[in-house]
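Each chain is listed here by its residues.
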Amino acid sequence: MKKYKTLLFDLDDTLLDFGATENEALHKLFAEQHIELTPEIKAYYKKLNDRLWQEFELGKMEREEVVNSRFTLLFEHYGLKVDGAALEGRYRTFLSEGHHLIEGAVELMQDIYEQFDLYVVTNGESKTQYKRLKDSGLERYFKDVFISEEVGHQKPTKEFFDYVFSKIEPFDRESTLIVGDSLTADVTGGYNAGIDTCWINIRGKQNNSKVIPTYEIKKLDELYKILNIEK
């Protein structure tokens, strides 16, 4: 079994249950607007939001363009005109209040943080991510946190990973593993950066990409075997 020393963890849908936090934030936002959040609207938002973030990860959109247009586009689809940036601000506030954990996240961090060098690598807004990390109790386990807004580049770009690697001393690609839920941002990014990758596929998605992760797991506790440590 390969020995790892440096572990790079994505945050949303890897350690924190973004789906649960997002759902709660959306319900609060729509309730504030006195609009019912129906399953149909939620499904359309999910599809729209995923498409916009994929454009961002591919470098086709700026982050601000994504977040400030998604609610404008959502409500336009239903014939309503809104201030998308203002709604984004309220949504961001509600989002920062949520820190739902993926099952086993805290236990895993407690078991491994003294044996490995742990880092967070996440796309997102710094203020929101730092607050969620702190409120969840996970912050204390990491040596450093790298967020795309601060780095100036996002996963999966080479520039993002080059920046992260330059801040880790000493750094060795052979003993580094990235763990994340996104085939685009985490697996492709890690592969292109020359490090091993672990795709946490909690929801049983199909891999239709050309990149094959070094490992694929469905639950966090499967990492114990990969890291060669006793649970």
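Anything mentioned here points back to the structure above.
Parameters and conventions
Residue positions are given per chain, counting from 1 as you read along its sequence in written order. Given that this is a predicted model, residues contribute local features only at a pLDDT of at least 70 and side-chain atom pairs are listed and counted only at 80 or more, while totals for whole chains, interfaces and linings are drawn from all residues. The basis for every side-chain value is the complete set of non-hydrogen atoms in the structure, without hydrogens or water. Here a strand is any run of E in DSSP of at least two residues, a helix any run of H or I of at least four, and the numbering for each starts at the N terminus. Put simply, the radius of gyration uses C-alpha atoms, and a globule should come to 2.2 Å times the residue count raised to 0.38. Three labels apply to residues, based on accessible area from a 1.4 Å probe with only protein chains included: buried if under 20% of the type maximum, exposed if over 50%, partly exposed otherwise in between. In this description, contact between two residues means that some pair of their heavy atoms is separated by no more than 4.5 Å. Note that His is not counted, nor are the chain ends; the positive residues are Lys and Arg, and the negative ones are Asp and Glu. To locate a charge, take NZ of a lysine, CZ of an arginine, CG of an aspartate or CD of a glutamate. Salt bridges, as used here, are contacts in which a Lys or Arg side-chain nitrogen is within 4 Å of a carboxyl oxygen on Asp or Glu. Think of it this way: DSSP has to see at least two bridges between two strands before they count as a pair. Fitted lines through C-alpha atoms serve as axes, helices being fitted only where they are in contact, and the angles separating the N-to-C directions of these axes extend from 0 to 180 degrees. Among the buried residues, those of types Ala, Val, Leu, Ile, Met, Phe, Trp, Tyr and Cys that are joined through side-chain atoms within 4.5 Å form a nonpolar core. Two rings from Phe, Tyr or Trp (for Trp, the six-membered ring) form a pair when their centres sit within 6.5 Å of each other. Planes less than 30 degrees apart are called stacked, planes more than 60 degrees apart edge-to-face, and all others tilted. Seen with its strands pointing away from the viewer, a crossover is right-handed if its path from the first strand over the helix to the second goes clockwise.

1. A short note on the overall build of the protein chain
What the protein chain contains, in helices and strands, is 10 helices and 6 strands. In terms of C-alpha radius of gyration, the protein chain reaches 18 Å, essentially the compact-globule figure of 17 Å for 231 residues. For the protein chain, the spread of C-alpha atoms along the three principal axes comes to 55 × 35 × 30 Å. Out of the 231 residues in the protein chain, the part that is buried amounts to 51%. Sequence-distant contacts, at least 24 apart, represent 64% of the contacts inside the protein chain between residues at least 6 apart. Mean positive and mean negative side-chain charge positions of the protein chain (31 and 42 charges, respectively) differ by 1 Å.

2. Looking at the pattern of salt bridges
According to the stated counting rule, one finds 19 salt bridges in the structure shown. Residue Asp12 pairs with Arg132 through a salt bridge whose shortest N-O separation is 2.6 Å. Of this pair, Asp12 sits in the loop between strand E1 (6-9) and helix H1 (18-32) while Arg132 sits in helix H6 (residues 126-136), and the two are 120 residues apart along the sequence. On the accessibility criterion, Asp12 (16% relative accessible area) is buried. Two residues, Arg70 and Glu88, come together in a salt bridge whose shortest N-O distance is 2.9 Å. With Arg70 in helix H3 (residues 63-77) and Glu88 in helix H4 (residues 84-96), this residue pair connects regions lying 18 residues apart in the sequence. Its relative accessible area of 2% is what places Arg70 among the buried residues. A network of salt bridges, in which partner residues are shared, links Arg63, Glu64, Arg70, Glu88, Arg92 and Glu125.

3. A closer look at the sheet that holds strand E4 (residues 176-180)
If you trace the 6 strands from one edge of the open sheet to the other, you get E3-E2-E1-E4-E5-E6, paired in parallel fashion. Each having just a single partner strand, strand E3 (144-147) and strand E6 (215-217) make up the two edges of the open sheet. When strand polarity is set aside, the average angle formed by the axes of neighbouring strands in this sheet is 20°. Bridge analysis of strand E2 (residues 117-122) against E3 gives 4 bridges, and the strand direction is parallel.

4. A short note on the nonpolar core
Judged by nonpolar contacts, the single largest core of 32 residues is most densely connected at Phe9, Met109, Ile112, Phe142, Leu177 and Leu223. Per-element tally for this core: the top contributor is helix H5 (residues 105-112), with 4 residues.

5. Some points on the packing of aromatic side chains
The tally for this structure, following the rule as stated, stands at 13 aromatic pairs. Aromatic pair Phe71 and Tyr91: ring centres 5.3 Å apart, planes at 65°, arrangement edge-to-face. Remark: Tyr91 occurs in helix H4 and Phe71 occurs in helix H3; sequence separation between them is 20 residues. Residue Phe71 shares its accessibility class with Tyr91, and that shared class is buried. With a centroid separation of 5.5 Å and 75° between ring planes, the pair formed by Phe160 and Phe161 is classed as edge-to-face. Phe161 matches Phe160 in its accessibility class, with the two residues each being buried. Members of the aromatic cluster, joined through ring pairs, are Phe160, Phe161, Phe165 and Phe171.

6. Quick look at the pairing of strand E5 (residues 196-200)
When you tally the buried positions in E5, you get 5 out of 5 residues, the bulk of the element. Burial along E5 is two-sided: the residues Asp196, Cys198 and Ile200 and Thr197 and Trp199 are all buried. The parallel pair E4 and E5, bridged by helix H9 (residues 183-192), forms a crossover whose chirality is right-handed. Pairing of E5 with E6 involves 3 bridges; the strand directions are parallel.

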